[in-house]
Protein chains: 4
Amino acid sequence: MEIGFIGLGNMGGPMAANLLKAGHSLTVFDVSKPALQAAVDAGARTAVSPREAARESEVVITMLPAAAHVRAVYLNDDGVLAGVRPGVPLVDSSTIDPATARLIGESAAKQGNPFADAPVSGGTGGAQAGTLTFMVGAETVLFETLRPVLASMGKNMVQCGETGTGQIAKICNNLLLGISMIGVAEAMKLGTSLGIDPNKLAGIINTSTGRCWSADTCNPYPNVLPNAPSSRGYTGGFGADLMLKDLGLAVDAARQVKQPILLGALAQQLYQSMSMQGLGGLDFSAIIKLYSNEDA
Amino acid sequence: MEIGFIGLGNMGGPMAANLLKAGHSLTVFDVSKPALQAAVDAGARTAVSPREAARESEVVITMLPAAAHVRAVYLNDDGVLAGVRPGVPLVDSSTIDPATARLIGESAAKQGNPFADAPVSGGTGGAQAGTLTFMVGAETVLFETLRPVLASMGKNMVQCGETGTGQIAKICNNLLLGISMIGVAEAMKLGTSLGIDPNKLAGIINTSTGRCWSADTCNPYPNVLPNAPSSRGYTGGFGADLMLKDLGLAVDAARQVKQPILLGALAQQLYQSMSMQGLGGLDFSAIIKLYSNEDA
Amino acid sequence: MEIGFIGLGNMGGPMAANLLKAGHSLTVFDVSKPALQAAVDAGARTAVSPREAARESEVVITMLPAAAHVRAVYLNDDGVLAGVRPGVPLVDSSTIDPATARLIGESAAKQGNPFADAPVSGGTGGAQAGTLTFMVGAETVLFETLRPVLASMGKNMVQCGETGTGQIAKICNNLLLGISMIGVAEAMKLGTSLGIDPNKLAGIINTSTGRCWSADTCNPYPNVLPNAPSSRGYTGGFGADLMLKDLGLAVDAARQVKQPILLGALAQQLYQSMSMQGLGGLDFSAIIKLYSNEDA
Amino acid sequence: MEIGFIGLGNMGGPMAANLLKAGHSLTVFDVSKPALQAAVDAGARTAVSPREAARESEVVITMLPAAAHVRAVYLNDDGVLAGVRPGVPLVDSSTIDPATARLIGESAAKQGNPFADAPVSGGTGGAQAGTLTFMVGAETVLFETLRPVLASMGKNMVQCGETGTGQIAKICNNLLLGISMIGVAEAMKLGTSLGIDPNKLAGIINTSTGRCWSADTCNPYPNVLPNAPSSRGYTGGFGADLMLKDLGLAVDAARQVKQPILLGALAQQLYQSMSMQGLGGLDFSAIIKLYSNEDA
């Protein structure tokens, strides 16, 4: 397929590469020259604007840092909507607020382009390995149209509902994730301070009602899980500053619907404390460092 | 075996009944006459004091509401330690603070009785069905001695370490559980307020990094899981006031070792809000009601 | 003086009226016809746009609901900056984020107009009585130029520093206010639940280290202070939804500078709980209702 | 008067010295030999037990670290109640939970001794200068009897109500104090991070609705108030570990009456974080250090 791809960062770059590997033809755009060059080296053509990247494409995919970029890339005079042909489906895999996703979706619908929000989980590792999960806000026909394209970049495609629900699903999952990681950190630190062996405690939690991904797959206590970021200096996982961004989206969305999220708001501030202390680049499980006097 | 059993409440009663069913001989004590009568009807002998219940026993098991009762039952003039023969193992399955467990253990050791703290999870349902999990603070020889007895009342026996670690394991697991349940409540309420279908959202969480027992087995949003307490008016699970008690133990234990537990302390106050509103008798997943203007 | 005044709501309306009473000549703009008519009745001329309101004025004052309105009123094609003569000072008394205030200030400076952010405290009562406090982000020359104009609407003019510091001062004061009111609510409810007379307790707090405006001037416990909103059904003070808005500004500003505000973020969520329960129109001291099973 | 005085620590020592200076005759008891010797040097007689200290006294005063000590000193076989003559009034100035105060009061009443709980504020400085504030749980006759004695040690005697209300008043005041200090820390750090001068900000807060003792008398931001602990390295004020103890009493008391205190519980954990980091000996205003990457 002819695919327009905009946004070639840490996530978008490997996603585009996987599309090329799968045999698709890509026209790409990014503001970074080196990122563009890497895509060209992998077989892509470049465009001078999102509009041009969209012009000849049969599907357009965007992967951008924040809502402001998404608005600009779709709605500006040289943006996607100004260039794309009617009927061509559009997919935004950025993680942004649901209201902006709906806004883009409405603007696209007015000119006859179906739009899906499809944020991902799996991180840069999943982007490179092509094992991302896509949470897709799209009606069934659009979802089925997009599925084979997304399958070149991920292995799970979940249909969440109408436009915006992909973002809602991601925000809510990560709200829970950010909370449960801190819960595991508190439980592990309290237990070991009281005198239980961390491996014993983790083993019990993982077979009891406290079990969760943050405990059995990404336990923040060092050397409980050999392959977890906590056992390699909290490198290479899901960065605390990204969690902080997602909790910010949750707090903002909660404000719009007057829905209190008490633990969520406190969790946001704790990751902000990490960031203030210069730890924002570590895996978010390093939140456990807030609970120690020395390095955990 | 000849077993002394003290404490025949909602948990202790069915536990004693399962021991009798397994063919053991029981001498029981409780301050409640009806509870004693029920045990007699099931085949037990009664004693007039913990001391007498312990006198002829080959193992003594206690299941009591709080630390004050445990201290009295073991240490008073008519208590277990005053009656039990040297060498007889003692097991306390109450949920109490680790420091009291260690105190009882030291007093027992002085007179030659090995002591294990062995709090349970599984609730009254597990007590009746004989499917409890025992978290056992005991050295290996004692643990292996007790295992066949405990096997009449439960199906999982986890060795946690030295005396007190059973309590630590339970407190820390339930600290995490109390937090993660609120996390699920916030995520489910935020998501549905924003417009996603609750079943869709639960499905995504349960296959993503937010997955946890509170979401996939006891989801607080009504009718997401047909067999969860939330789908039957929040009846019949783990009472919010029991969660409140366990979080109180966690906050107290944290104070003793100067270990902050920020989300845990806030979670305690939220269950206390439930209790203030008269909802303490509901399953603890009814915490989601704090996040609604109407009944969830 | 010839004054352009834009924004005639609950605050701006009476502020404009006080300027007219003081003998100034006003050209006003608002999107609300009734608000414009009230200003005309009080002696003002009307304009069809912010640009026109600014064109003949010697000073321009704006009083708007939120940052989006401020950006539009100053920066749009028919906005203040498009109409105002060089050198004319501009004053924005809206409560908005400091970054937007700085942005407007920079845009104004480029075309030779000094700009001050001057948010107020004192509420609608202070606006009507002409007793507002202005927190002014302005260098000394500009501050002294504006002082006599502001004196027609308020009685305290505080110079806070450069552009944006007026907003910072207001946001930080209200952050503390929002927290301390909840602190007073918790202290008063805990004390009376434990059995002390509320008047005794308030008397002690007000002469001790707990003393604060929220306790000695606006105590949330009913009938402790006869003139406080709590003694007249929580009507007529500073609305909880306005406090919620200001705490939202604080949380947003904190995020921009990676400065954690843990109690502040939790306070925001508690006022959001009030709002969810339909109590957002009451005085913010009604937060004490969250701490009761019945109406406080 | 003949006064029995038990507990000669950092607070009790100077309080006893002030009673001696005022011409009273003291019989003292403490477990510390050096503390006893200091009292002897100042003119006191010593006793070998609380019972003996109470035997000849016309009033008995106790100043002890915690409830366990108070129970032992009053109720043990060699305690105050075993020695004191009927009708002699008893005063406990320790800071403890209200329930223990009531328990002691009831035991004393049974044998004809009126009992008042009279915790103090003012710290070691106030104890030395004789300027303490006494919060007294006592009926009017007892209060008037004690007033002249207390006047030798303090300058404010506040009658709070029946037995236990002195403790309630102190706990609730300090609950609010612990919260408002963190509120001031968050407001000052947010404001200065955003770019306002700390002295400007403090000046505005202190004349606005955010005003409170923690801002205008003990501001945690260094060098805003020359005489505050924050301007001398956080030495010499009210220690963070003492605030932590008082918040612990508040959380415990709240649990007993099922009264949630959300900000209070979070505040407790934040002071516990200070303590974990080895800062518990500093003035409690050093909580602001949690909000900085470097030393504040």
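Residues numbered from 1 in each chain as written. Chains lettered and ligands numbered in written order. Predicted model: local features only at pLDDT ≥ 70, side-chain atom pairs only at ≥ 80, totals over all residues. Heavy atoms only, no water.

Here's the deal with the UniProt feature "domain: 6-phosphogluconate dehydrogenase NADP-binding" (unreviewed entry) in chain A
Reasoning step 1: In this structure's numbering, the residues bearing the UniProt feature "domain: 6-phosphogluconate dehydrogenase NADP-binding" (unreviewed entry) are residues 2-161 of chain A.
Reasoning step 2: The span residues 2-161 of chain A shows a helical share of 43% and a strand share of 24%, and its end C-alpha atoms are spaced 26 Å apart. (UniProt positions renumbered as here; feature names shortened; annotations may be inferred. Helix = DSSP H or I, 4+ residues; strand = E, 2+ residues; numbered from the N terminus.)

Details of the interface of chain A and chain D
Interface extent is often summarised as the accessible area lost during association of the parts.
Reasoning step 1: Contacts between chain A and chain D engage eight residues on the former and eight residues on the latter.
Reasoning step 2: Taken together, both faces of the contact between chain A and chain D bury some 590 Å²; the carbon and sulfur share is 59%.
Reasoning step 3: Where chain A touches chain D, the interface holds zero salt bridges.
Reasoning step 4: Per-class residue counts for the side of chain A that touches chain D are five nonpolar, three polar and no charged. (Contact = heavy atoms within 4.5 Å. Buried area = accessible area lost by both parts, 1.4 Å probe. Salt bridge = Lys/Arg side-chain N within 4 Å of Asp/Glu carboxyl O. Nonpolar A, V, L, I, M, F, W, Y, C, P; charged D, E, K, R; others polar.)

Observations concerning the domain arrangement of chain A
Residue and element names in this part refer to chain A.
Reasoning step 1: Segmentation of chain A into domains returns domain 1 (2-162) and domain 2 (168-291).
Reasoning step 2: Each side of the interface is counted separately: domain 1 has eleven residues, and domain 2 has eight residues.
Reasoning step 3: For domain 1, the biggest contributors to the area lost against domain 2 are Thr95, Pro98 and Met135; these three give 51% of the whole.
Reasoning step 4: Inspection of the region where domain 1 meets domain 2 yields zero salt bridges. (Domains from an automatic or database assignment.)

Some details on the nonpolar core
Reasoning step 1: Among the nonpolar cores identified, the biggest contains 227 residues, and Tyr271 of chain A, Tyr271 of chain B, Tyr271 of chain C together with Tyr271 of chain D are the most heavily contacted of them.
Reasoning step 2: Sequence-distant contacts of Tyr271 of chain A, that is, excluding residues within four places in its chain, are made with Gly178, Met181, Ile182, Met243, Leu244, Leu247, Phe284 and Ile287 of chain A. (Core = buried A, V, L, I, M, F, W, Y, C linked by side-chain atoms within 4.5 Å. Buried < 20%, exposed > 50% of the residue type's maximum accessible area, 1.4 Å probe, protein only.)

Some words on the relation of the copies chain A and chain D
Reasoning step 1: The transform that puts chain A on chain D rotates by 180° and translates by 0.1 Å along the axis, for an RMSD of 0.0 Å. The superposition of one copy onto the other is thereby described by a two-fold rotation axis.
Reasoning step 2: An overlap of 100% is found between the interface residues of chain A and their copies at the interface of chain D, pointing to a shared contact surface. (Least-squares fit on C-alpha atoms with pLDDT ≥ 70 in both.)

Examining the relation of the copies chain C and chain D
Reasoning step 1: Note on the identical chains: chain C maps onto chain D by a rotation of 180° and an axial translation of 0.0 Å, with an RMSD of 0.0 Å.
Reasoning step 2: A symmetric contact is evident, with 98% of the interface residues of chain C recurring at the interface of chain D.

A short note on the packing of helix α12 (residues 240-256) of chain C against helix α13 (residues 262-276) of chain C
Residues and elements named next belong to chain C.
Reasoning step 1: Relative to each other, α12 and α13 sit at 150°, their axes nearing to 9 Å. Taken together, α12 and α13 sit at an angle that is classed as roughly antiparallel. α12 and α13 meet at a crossing whose hand is left-handed. Touching Ala240, Asp241, Met243, Leu244, Leu247, Gly248 and Val251 of α12 are Ala265, Ala267, Gln268, Tyr271, Gln272, Met274 and Ser275, all from α13.
Reasoning step 2: Looking at side-chain class alone, the contact of α12 with α13 contains nine nonpolar, four polar and one charged residues. (Axes fitted to C-alpha atoms, helices over the stretch in contact; angles between N-to-C directions. Parallel < 35°, antiparallel > 145°, perpendicular 65-115°, else oblique. Left-handed = near helix turned anticlockwise from the far one by under 90°.)

What about the interface of chain C and chain D?
Reasoning step 1: With 55 residues of chain C in contact, the opposing surface of chain D contributes 54 residues.
Reasoning step 2: Buried surface at the junction of chain C and chain D, both sides included, amounts to about 4900 Å², of which 70% is carbon and sulfur.
Reasoning step 3: Its largest share of buried area at the contact with chain D, chain C owes to Leu194, Thr209 and Leu263 of chain C, together 14% of the area lost on that side.
Reasoning step 4: On inspection of chain C and its partner chain D, the count reaches two salt bridges.
Reasoning step 5: Between Asp216 of chain C and Arg211 of chain D there is a salt bridge, and its shortest N-O distance comes to 3.0 Å.

Details of the state of the cysteines
Reasoning step 1: Under the defined criterion, the tally for this structure stands at zero disulfides over all chains.
Reasoning step 2: Considering cysteine sulfurs only, Cys212 of chain C is the nearest to Cys218 of chain C, which forms no disulfide, with 10 Å between them.
Reasoning step 3: Using a relative accessible area of 4% as the deciding quantity, one classes Cys218 of chain C as buried.
Reasoning step 4: Unpaired in terms of disulfides, Cys160 of chain D finds its nearest cysteine sulfur in Cys172 of chain D, a separation of 10 Å. (Disulfide = S-S within 2.5 Å.)

Some details on the pattern of salt bridges
Reasoning step 1: Summed over all chains, the structure comprises 24 salt bridges over all chains.
Reasoning step 2: Because the salt bridges share partners, they merge into one network encompassing Asp252 and Arg255 of chain A together with Asp252 and Arg255 of chain C.

Focus: the pairing of strand β4 (residues 59-62) of chain D
All names here are of chain D.
Reasoning step 1: Residues Val59 and Ile61 of β4 are buried on one face, and the alternating residues Val60 and Thr62, pointing to the opposite face, are buried as well.
Reasoning step 2: As paired elements, strand β1 (residues 2-6) and β4 share four bridges and run parallel to each other. Residue pairing across strands places Ile6 opposite Thr62, the latter belonging to β4.
Reasoning step 3: Looking at chain direction, β4 and strand β5 (residues 90-92) are connected through three bridges and run parallel. Note that in β5 the partner of Val60 across the bridge is Leu90. (Pairing = 2+ DSSP bridges.)

Some thoughts on the environment of Pro89 of chain A
Residues and elements named next belong to chain A.
Reasoning step 1: Relative to the assigned elements, Pro89 resides in the loop between α5 (80-83) and β5 (90-92).
Reasoning step 2: As a C-alpha pair, Pro89 and Leu142 span 53 residues in sequence and 7.7 Å in three-dimensional space.
Reasoning step 3: Other than its neighbours up to four places away in sequence, Pro89 contacts Glu58, Val59, Val60, Pro114, Leu142, Thr145 and Leu146.

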